[in-house]
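One-letter residues, chain by chain:
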Amino acid sequence: MAQTIESESRLRDYLIERIEREIPFSVLNGHRSKRLPNNVNFCFRFIEGESMLILLDILGICASSGSACTSGSLDPSHVLLAIGRPHEIAHGSLRLTLSQDTTKEELDFVVDELKKIVERLRNMSPLYEDYIKREDRRK
């Protein structure tokens with residue numbers, strides 16, 4: 001069990017680092033290290049989790065946009081709302097669960113595809129478009 005926990009924690013941390021580094025406006029939910037060794041949960045601003053899930057599913061990537069206890073619900077996680085995530089950000093949540101069989105190559109595939117998906121959905125988002133316009137005006 002100790003080896004599994006160590007392996008999953010290492011992969012989890014790798015996944016968290018890549019997402020934080022490579023996907024702008026992503027916010028890790030929960031403590032960085034005081035979490036289950038196989039759990040990664042992010043919010044992505046300016047997109048809805050359901051759209052992200054559909055596109056991930058097409059690629060064979062299994063994920064959830066809410067907590068395990070609310071799977072099937074379109075409401076954002078009550079836990080994310082309770083820790084202060086605004087409704088519109090909590091709606092863009094993604095939960096990924098690793099296993100002892102998960103490989104680094106699989107995580108690389110997930111992040112590479114997730115980057116494309118997030119960019120695609122943001123390009124369709126009027127909220128993102130408004131944000132970019134506001135930022136351009138500030139420059």
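Residues numbered from 1 in each chain as written. Predicted model: local features only at pLDDT ≥ 70, side-chain atom pairs only at ≥ 80, totals over all residues. Heavy atoms only, no water.

We now examine the packing of aromatic side chains. Here the structure, examined in full by the defined rule, presents six aromatic pairs. Centre to centre, the rings of Phe25 and Tyr131 are 5.2 Å apart; their planes meet at 85 degrees, and the pair counts as edge-to-face. With Phe25 in the loop between helix 1 (2-22) and strand 1 (26-28) and Tyr131 in helix 6 (residues 126-138), this residue pair connects regions lying 106 residues apart in the sequence. The class of Phe25 is partly exposed, set by a relative accessible area of 27%. Of the residues examined, Tyr131 reaches a relative accessible area of 16% and is grouped as buried. With a centroid separation of 5.9 Å and an interplanar angle of 25 degrees, the aromatic rings of Phe42 and Phe44 are classed as stacked. Judged by relative accessible area, Phe44 falls into the buried class, the value being 0%. Connected via pairs of aromatic rings, a cluster forms that spans Phe25, Phe46, Tyr128 and Tyr131. Above the ring of Tyr128, the side-chain terminus of Arg122 is found at 6.0 Å from the ring centroid. (Phe/Tyr/Trp six-rings, centres within 6.5 Å; stacked < 30°, edge-to-face > 60°. Helix = DSSP H or I, 4+ residues; strand = E, 2+ residues; numbered from the N terminus. Buried < 20%, exposed > 50% of the residue type's maximum accessible area, 1.4 Å probe, protein only. Lys NZ or Arg CZ within 6 Å of the ring centre and 35° of its normal.)

Moving on to helix 2 (residues 49-58). Every buried residue of helix 2 is accounted for by Gly49, Glu50, Met52, Leu55 and Leu56. Where the residues of helix 2 are buried, they touch strand 2 (39-44), strand 3 (93-97) and helix 5 (104-123). Of the residues flanking the end of helix 2, it is Gly60, one or two places downstream, whose phi is positive at about 85 degrees. (Contact = heavy atoms within 4.5 Å.)

Next up on the list: the confidence of the model for the protein chain. Overall, the predicted model of the protein chain reaches an average pLDDT of 88, with 82% of residues at or above 70. When mean pLDDT is taken per element in the protein chain, helix 5 scores highest with 98 and helix 3 (residues 78-82) scores lowest with 64. (pLDDT = per-residue confidence, 0-100.)

Right, let's get into the side chain of Arg122. Structurally, the position occupied by Arg122 is in helix 5. Among buried charged residues, Arg122 stands out as having no salt bridge; its nearest opposite-charge side chain is Glu119, 8.8 Å away. Dropping the residues within four chain positions of it, Arg122 is found in contact with Ile23, Pro24, Phe25, Ser26, Phe44, Arg45, Phe46, Ile47 and Tyr128. (Lys, Arg positive; Asp, Glu negative; His and termini not counted. Salt bridge = Lys/Arg side-chain N within 4 Å of Asp/Glu carboxyl O.)

The subject of this paragraph is the pairing of strand 2. Burial analysis of strand 2 places six of its six residues in the buried class, which makes it a mostly covered element. Here strand 1 pairs with strand 2 via three bridges, running antiparallel. Looking across to strand 2, one finds that Leu28 is bridged to Phe42. As defined by bridge partners, strand 2 adjoins strand 3 across five bridges and the pair is classed as antiparallel. Looking across to strand 3, one finds that Phe42 is bridged to Leu94. (Pairing = 2+ DSSP bridges.)

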